[in-house]
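Coordinate inspection notes
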Amino acid sequence: MLKSFFSEFQKIRIKSVNKSNNHQKINPVNSFYQAKIRAPFAVLGIRTEEDWLTEIDYLPLNTSLKTPITSLAREVCAQLEAYLTDPRYTFDLSLHINGTAHQRRVWEKIQQIPCGQTCSYAEIATKIHSAPRAVGRACGANKIPIVIPCHRIIAKNGGLGGFMNTREGEPLEIKRWLLQHESI
């Protein structure tokens, strides 16, 4: 009986992990954040560790806001609000970028794309000797969106492509908003 319980628990856990595997998906609000601020397209859940920004999550618009509880969280919120006011704002934050060597190369290239410009998955792939789908997966694994502007990566044909490991729904509306905000 206990074995059956653990087997069922594991199935539920795997389903839950698979559903939340996309770091930027609209995440449950019970996660621990150092701050939550409103953006026009979502509430931004801010996570920090020591002196590093570690994650920004897109939460549902009806999520309760949370006043920053650390000086770093206050600084992250101030810089995000500056970007939301002026898309040409340049972030100056210490980032804890945890990922594979390939993902870090992709994120590095993405950070070099200026506001108001885009680059295709294929162009990034060519620059780092990779494949467009692998670049797309790395974009989907980006835990610090907006600051690492994966929304600036589009399809080769000029279409939106995907966002947050999906090709439809609310995530694409967020990408569309960010690109329009940057006058793209």
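See the structure above.
The shown structure was predicted, so the numbers you read here are calculated from the model rather than taken from an experiment.

With that settled, consider helix 4 (residues 121-128). Every buried residue belonging to helix 4 is among Y121, A122, I124, A125 and I128, and all of these are buried. Looking down the long axis of helix 4, one finds its buried residues gathered within 160° of arc, a one-sided arrangement. Exposed residues lying more than 90 degrees from the buried face of helix 4 are T126 and K127. Tucked inside the fold, the buried residues of helix 4 contact helix 3 (101-111), strand 4 (119-120), helix 5 (132-140), strand 5 (153-154) and helix 6 (170-181).

The next subject is the pattern of salt bridges. Evaluated as defined, the whole model comprises four salt bridges. Between E182 and R152 there is a salt bridge, and its shortest N-O distance comes to 2.8 Å. Of this pair, E182 sits in the segment after helix 6 while R152 sits in the loop between helix 5 and strand 5, and the two are 30 residues apart along the sequence. A salt bridge links E173 to R176; the nearest nitrogen and oxygen atoms lie 2.6 Å apart. A residue pair is termed a helical-turn pair when its members lie 3 or 4 positions apart in one helix, as E173 and R176 do in helix 6 at three residues.

The subject of this paragraph is the pairing of strand 1 (residues 35-38). Sheet faces and side chains relate simply in a regular strand, where the side chains alternate between the two faces. Where strand 1 and strand 2 (residues 43-49) come together, four bridges link them in antiparallel fashion. Note on strand 2: the bridge partner recorded for I37 is L44.

Moving on, we come to the sheet that holds strand 2. Spatially, 1-2-3 is the arrangement adopted by the three strands of the open sheet, whose pairing is antiparallel. Edge positions in the sheet fall to strand 1 and strand 3 (52-59), since each has one partner strand and no second. The sheet shows a mean angle of 25° between the axes of neighbouring strands, taken without regard to direction. Judged from the seven bridges that link them, strand 2 and strand 3 form a sheet pairing that is antiparallel. Bridge pairing in strand 3 places V43 opposite L59. Strand contacts of helix 2 (residues 71-85): strand 1, strand 2 and strand 3, with the helix running at about 140° to strand 2, the strand carrying the most contacts.

This part covers the nonpolar core. The biggest cluster of nonpolar side chains holds 43 residues, and the ones touching the most others in it are F41, L44, Y58 and L80. Contributing elements (two or more residues each) for this core: strand 1, strand 2, strand 3, helix 2, helix 3, helix 4, helix 5 and helix 6. Residue contributions to this core peak at seven residues, all from helix 2. Excluding residues that lie within four positions of it along the chain, L44 makes contacts with A35, K36, I37, A39, I56, D57, Y58, L80 and I146.

Once that is clear, we can look at the packing of aromatic side chains. All chains considered together, the criterion is met by five aromatic pairs. Taking the centre distance of 5.8 Å and the plane angle of 80° together, the rings of F41 and Y58 count as edge-to-face. One end of the pair, F41, is in the loop between strand 1 and strand 2; the other, Y58, is in strand 3, and 17 residues separate them in sequence. Since its relative accessible area comes to 7%, F41 is described here as buried. Aromatic pair Y89 and F91: ring centres 5.7 Å apart, planes at 90°, arrangement edge-to-face. You can call F91 buried: its relative accessible area is 18%. Feature note: the residues F41, Y58, F163 and W177 constitute an aromatic cluster, connected by ring pairs.

Rules used in this analysis
- The numbers attached to residues start from 1 for each chain and follow its sequence in the written order.
- Confidence filtering applies because this is a predicted model: local features only for residues at pLDDT of at least 70, side-chain atom pairs given and counted only at 80 or more, and all residues used for totals across whole chains, interfaces and linings.
- Only hydrogens and water are set aside; all other atoms, that is, all heavy atoms of the structure, feed into the side-chain values.
- When a residue's accessible area, from a 1.4 Å probe over protein chains only, is under 20% of the maximum for its type it is buried; when over 50% it is exposed; and in between it is partly exposed.
- Helix and strand assignments follow DSSP, with helices taken as H or I runs no shorter than four residues and strands as E runs no shorter than two, numbered in order from the N terminus.
- The directions considered for the arc are those from the helix axis to the C-beta atoms.
- By definition in these notes, contact holds between two residues if any of their heavy atoms fall within 4.5 Å.
- Basic side-chain nitrogens of Lys or Arg form a salt bridge, by our definition, when they fall within 4 Å of a carboxyl oxygen of Asp or Glu.
- Each pair of strands is called paired provided DSSP finds at least two bridges between the two strands.
- With axes taken as lines fitted to C-alpha atoms, and helix axes fitted only over the stretch in contact, angles between N-to-C directions fall between 0 and 180 degrees.
- The term nonpolar core refers to a set of buried residues drawn from Ala, Val, Leu, Ile, Met, Phe, Trp, Tyr and Cys, joined through side-chain atoms within 4.5 Å.
- Note on aromatic contacts: the rings of Phe and Tyr and the six-membered ring of Trp form a pair at centre separations within 6.5 Å, being stacked when their planes are under 30 degrees apart, edge-to-face when over 60 apart, and tilted otherwise.

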